[in-house]
Amino acid sequence: MKLLKRCRIKACGMLVSLLACGAALSPLQAQEAPVLVLDVGSHTGPLRRLGTDPGGRLAVTASDDKTAMLWDLASGRPLRTLRVPVGEDESGRLYGAAIAPDGRTVALAGTTALAGGQPRIYLFDLPSGNFRSAFRALGANVRHLAWSADGQWLAAAYIGEAALRVFRADGTLAHETRLPADAYGLSINAAGQLAVSAFDGRIRLFNLGATGVQAAGEITVALNDPVGVRHSPDGRLLAVGYFSRTPRGRVQVDVYDGQTRQLQRSFDFGDLYYGNLMNVGWQADGRALYAGGTGYNDAGRFVVKRISWPEGRSEGAVVAGDSIQDFATLPGGRIAFASFDATWTVLDGLRPVMQSGSLTTRVANASALKVSADAASVEWRGASGDTHSFALAARRPGKGEAGSRAPDPSSFRLRVSEWENTRTPKVNGNAVELMPNESSRAAALLPDGGSVMLATSRALRRLNAKGVAMWTVPLHTEARSVNVSADGKLVVAALADGTLRWRRADDGAALLSLLLLQDGRWVVWTEAGYFDAGPGSEDLVGWLVPRPGGERADYFGVSRFRERYLRPDVIDQVLAQRDPARALQVANTQRVQLAQEQANPEVVKSLQAELAPRPLALSLPPVVTLAQVPSTEVGYLPRVETSLAELAINYKLFAADKQAMEKLIVRVDGRPVEATFKQTDIGAGGEAEGRMVIALSKHEGKIQIFAEGPNGTSMPAELDFVSTAPALQPPVDRRPRLYLLAVGVSRYANKDYNLGLAAKDARDFSRALEQQSGIYYQQVESRLLLDEQATRANMLAGLRWLQTVTKPNDMAMLFVAGHGVADAADIYHFLPHDMKDTQVAQTGVSETQLRGTLAAIKGRALFFVDTCFAGKSVGKFTRREITRLANGLASAELGVIVFSGSAPRQESLEDTAWGNGAFTKALVAGLSGNADFRKEGVVTHKGLDYYVAHEVRSLTQGRQTPVTAVPNGISDFPLAAVPATTRK
């Protein structure tokens, strides 16, 4: 079967001039500088703390990934991501998280500043997750937070400059005790007894009362390093777990009487070969004590012990894939724990009944990362056991890359010992100097044979043969593995947040970062913010930008800066140049040269303007947040119930440079709706408050609010609504109307560019949907433009028709098959029948025209595009990627679902034996019923996506992978009905 193919400006000032130029920042400047962070919808780093509300419905988790997250415990759904200002290094790691007893406030703290910075404790409102306030923490390394039962006191335990501090609810300091050793554990019982553990072998007790905080004695415990300390539910007992093992090598857990300070029971376990049970927690009725930590017998199989009380019988079970970091008591005899693998789990007894998900492909261990000779292709075994890979040049995620090599941690000439998960690594017998609380994780020899890369929980170092650091760079999270290129010029480090980081071996300078998720989404970026991303992947990374004063920060996905910083050409150059600034210079020069070759003076002019330096602070879009939204229950979003056919919402607007707001946009389930606005003057903190009234057209849905300014569109503010208004009763016939514009060009006016089956693809797609008239749709009205009919004028007229006729309850689809190219500025153009290869901008249909139509459609909008045809170039236009177009249309503010025939840098395939291109063949079969996986009689857009992706991969033997981009805020919905007689 024969297959046919379709398908020197300096870095200074480009984002943040001080950062890009490498100038040293003061600690306060660094704390208030923008930082690139991840946003994948779940934690990407180890969980350090887990807190719950009194009712056991809501949980908060704090992580090394510098975020806290709110969770619905009943469903395991993430509700909100809470962000504090962060730094490039450890600054921003969160170790303390506690929900106040009234369930209306969550407190966060951790390593919120480095020496010389301003450490803070942050307060957020619940359940909205909005920032409320921050106050001085008076110490840089908080490791635990705890509220008193009456909500009047917030206690904090510190390491480094070890201390216990107790703050009043308003943030003023009520008590401070300096400690001789680091403090990790903290507990307050209902009567106000506070217990804090310290690494001097003591538990110190305090009483919180109307007269303040009073010392109440101490307990000398069995080992010098108590970590977890937890009061029993009746407040009488204190359970203690330890970091180290006993002199006999056993693991110990103790229970003390909190009043008499006497040991009640001691439990030691000899059945754990490695690690400890340093964290403890009680069952709500006090009938069982749980203990867990770094203890395991087999790699990746971590144990929790359950001890019945007061009987003292113990049993254990493997319940986690990494160490247990914290416990939280839940109603009904259940208990939850947080794990180092970025997940949390609910136990009923020792049976897991709920677990949060993780989308990252985190490298399993030190030996699991392999790289190609040039380090441009990487392969790794994930913590789940699956193999993942990514080829940078092809932008190809996969399940393995040929020629990859594992790291070599030691040799006869350069002996590296005690390097895996210890605090005492050695090089040729010489101890390596580490920072406090730093553990070695991985090592890889360089080809010179005289130096080695050492990756740790806090840093990446190149060490010489004597174990002395040649350079050291701090890490924002722990390392899992490290490897080097065959020529020793590139280093690849795998971090605990699931990212891979390329650095220059000579000096450790950052080059590239990659995030690949389990669902296939990926994004790759430089420290200056230039990026490339697969469809639907852009906002997996973004800028966290502190507001003036540094107390709070706003997150902007990189999609907000797509026009300037989506630069696949820059990414292509980085490893070759081993210098991001030089890569940018080369790519810029090539862009301008290409525009000149394409004889497009307008593009040349726009490129020269776009490539001029512009600080990030002058490019920020506005910020819109919800204010005082009434909430009837904890849900994925703030939820509003009303009996009216309209909804009033209070909101706040903020613009970093006081830019004027141009307009507010409101969408319900991804489609535009009418709203009226009333805005007040700018108030405290530079925020303006306003009120909008939204006319509802349905009983329930998701509202998204956007603000537009000179620098673009904000990230959305979101909420769910339910209305019982009688006026919103659905019509008798609830079926939508479908309006379809299908365009296919196989025959061009210039025969040199003719294709095979593009026109037939458009015809067959149209027929498949026309068969739905009177079935799923009240009516299907289609316009078909094939070959000579598919002129530019007819296409533009068809787009105007599609925009005009589609009403709020209708569906609009645009299907295009033919040639499509991207110019030197990455602007996509679909090429109609009468295009001229020397005048593409004037004779093609640009992405601006496509976007203008699809974004303005009042109903649901879907775009099916298959234009990655290979073969002859169209004049000087050789690039055919549509990722920029797809991601732009699928942004939340535009709300278009995009089905693309192939992944980036792939070509679409067709075969006369199939009768269609692979993409269209799968679409038609899926819409005809094959994509009705649940046998419910409908084909939804998610079902169609899944079917088409798998069917095309099968047809093309993996050479073509369709991708679909779905805007945030759009739930699954049907596209076609499947008659019972045709269901398989």
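Worth saying up front: this structure is predicted, and the values here are computed from it rather than measured. (Residues numbered from 1 in each chain as written. Predicted model: local features only at pLDDT ≥ 70, side-chain atom pairs only at ≥ 80, totals over all residues. Heavy atoms only, no water.)

Colleague: Which residues make up the overall build of the protein, and what values do they have?
Modeller: If you tally the helices and strands in the protein, you get 13 helices and 72 strands. Against the globule reference of 30 Å for 984 residues, the protein gives a C-alpha radius of gyration of 30 Å, in line with a compact fold. Projected onto the principal axes, the alpha-carbon positions of the protein cover approximately 90 × 75 × 60 Å. In the protein, buried positions account for 60% of the 984 residues. Carbon and sulfur atoms provide 48% of the accessible area of the protein, an area that totals close to 37100 Å². (Helix = DSSP H or I, 4+ residues; strand = E, 2+ residues; numbered from the N terminus. Rg over C-alpha atoms; globule rule 2.2 N^0.38 Å. Buried < 20%, exposed > 50% of the residue type's maximum accessible area, 1.4 Å probe, protein only. Areas by Shrake-Rupley, 256 points an atom, 1.4 Å probe, with all protein chains shown as cover.)

Colleague: Lay out the pattern of salt bridges in plain terms, naming residues and giving numbers.
Modeller: Inspection of every chain in the model, using the stated rule, returns 47 salt bridges. Of the charged contacts in the structure, one is a salt bridge between Arg204 and Asp200, with a shortest N-O distance of 2.6 Å. For the pair shown, Arg204 and Asp200 are each scored as buried. Three or more residues joined by partner-sharing salt bridges are found here, namely Arg48, Asp64, Arg93, Arg441 and Glu478. (Salt bridge = Lys/Arg side-chain N within 4 Å of Asp/Glu carboxyl O.)

Colleague: Quick one: what's the story with the side chain of Asp532, residue by residue and with numbers?
Modeller: One can find Asp532 in strand E47 (residues 531-533). Among the polar contacts made by the side chain of Asp532, one reaches the side chain of Arg395 at a distance of 2.7 Å. (Polar contact = N/O pair within 3.5 Å; in protein donor to acceptor, adjacent residues only side chain to side chain.)

Colleague: Could you give an account of helix H12 (residues 918-930), with specific residues and numbers?
Modeller: Counted at 1.5 Å a residue, the expected span for H12 with its 13 residues is 18 Å, but the 15 Å between its end C-alpha atoms falls short. Regarding H12, the residues found buried are Ala918, Phe919, Thr920, Ala922, Leu923, Gly926, Leu927 and Gly929. (Expected span 1.5 Å × (residues − 1).)

Colleague: Pulling in residues and values, what's your account of the packing of aromatic side chains?
Modeller: Throughout the structure, instances matching the rule amount to 21 aromatic pairs. Here Tyr274 and Tyr296 contribute two aromatic rings whose centre-to-centre distance is 4.9 Å and whose plane-to-plane angle is 25°, an arrangement assigned as stacked. Taken together, the positions of Tyr274 in the loop between strand E22 (263-269) and strand E23 (279-282) and Tyr296 in strand E24 (residues 288-298) put the pair 22 residues apart, joining distant regions of the chain. Assessed through its relative accessible area of 43%, Tyr274 is described here as partly exposed. Pairing Phe933 with Tyr947 gives two aromatic rings, centres 6.3 Å apart and planes at 50°, and the pair type is tilted. Highlighted residues: Phe933 in the loop between H12 and strand E70 (938-940) and Tyr947 in helix H13 (residues 941-955), separated in sequence by 14 residues. The exposure class of Phe933 is partly exposed, given its relative accessible area of 43%. The class of Tyr947 is buried, set by a relative accessible area of 11%. (Phe/Tyr/Trp six-rings, centres within 6.5 Å; stacked < 30°, edge-to-face > 60°.)

Colleague: Pulling in residues and values, what's your account of the domain arrangement of the protein?
Modeller: By the assigned domains, the protein splits into domain 1 (46-137), domain 2 (369-607), domain 3 (621-723) and domain 4 (737-982). For domain 3 and domain 4, the distance between their C-alpha centres works out to 32 Å. Taken together, the contacts link 12 residues of domain 3 with 15 residues of domain 4. A combined buried area of about 1000 Å² lies between domain 3 and domain 4, and 41% of that area is made up of carbon and sulfur atoms. By the criterion of area lost to domain 4, the three top residues of domain 3 are Arg667, Asp669 and Arg671, representing 48% of everything that side buries. Scanning the region where domain 3 abuts domain 4 turns up zero salt bridges. Where domain 3 packs against domain 4, one counts nine residue pairs in polar contact (both at pLDDT 80 or more). Elements supplying a minimum of two residues to the side of domain 3 that touches domain 4: strand E54 (671-672) and strand E57 (700-709). Of the residues forming the side of domain 3 that touches domain 4, the biggest block, three residues, is contributed by E57. Classifying every residue of the side of domain 3 that touches domain 4 by side-chain character gives three nonpolar, three polar and six charged. (Domains from an automatic or database assignment. Contact = heavy atoms within 4.5 Å. Buried area = accessible area lost by both parts, 1.4 Å probe. Nonpolar A, V, L, I, M, F, W, Y, C, P; charged D, E, K, R; others polar.)

Colleague: So, the pairing of strand E18 (residues 212-220): which residues are in play, and what are the values?
Modeller: Taken together, the seven bridges between strand E17 (residues 202-209) and E18 define a ladder with antiparallel strand orientation. By the bridge assignment for E18, Asn207 is matched with Gln214. Following E17, the chain reverses through two residues before pairing antiparallel with E18. (Pairing = 2+ DSSP bridges.)

Colleague: So what about the sheet that holds strand E5 (residues 67-72)? Which residues, and what values?
Modeller: Taken together, four strands build an open sheet; the order of strands is E3-E4-E5-E6 and the sheet is antiparallel. The sheet is open, and its two borders are formed by strand E3 (47-52) and strand E6 (77-83), each paired with just one other strand. Taking the axes of each pair of neighbouring strands and ignoring which way they run, one obtains an average angle of 20° across the sheet. (Axes fitted to C-alpha atoms, helices over the stretch in contact; angles between N-to-C directions.)

Colleague: So what about the sheet that holds strand E64 (residues 828-830)? Which residues, and what values?
Modeller: Taking strand neighbours across the sheet as the criterion, the three strands line up as E63-E64-E65 in an open arrangement whose pairing is antiparallel. Pairing within the sheet leaves two strands with one partner each, and these edge strands are strand E63 (820-822) and strand E65 (845-846). The pairing of E64 with E65 spans two bridges and is classified as antiparallel. Paired with His829 across the strands is Ser846, a residue of E65.

Colleague: For the pairing of strand E52 (residues 646-654), give the residues involved together with the corresponding values.
Modeller: Judged from the four bridges that link them, strand E50 (residues 623-626) and E52 form a sheet pairing that is antiparallel. Bridge assignment links Leu626 to a residue of E52, and that residue is Tyr651.

Colleague: Which residues make up the packing of helix H4 (residues 568-577) against helix H5 (residues 580-597), and what values go with them?
Modeller: Interhelical geometry of H4 versus H5 gives an angle of 135° and a closest axis separation of 8 Å. Overall, the two elements H4 and H5 adopt an arrangement that is oblique. When you trace H4 past H5, the crossing you get is right-handed. Across the interface between the two elements, Asp569, Val570, Gln573, Val574 and Gln577 of H4 pack against Arg582, Ala583, Leu584, Val586, Ala587, Gln590 and Arg591 of H5. (Parallel < 35°, antiparallel > 145°, perpendicular 65-115°, else oblique. Left-handed = near helix turned anticlockwise from the far one by under 90°.)

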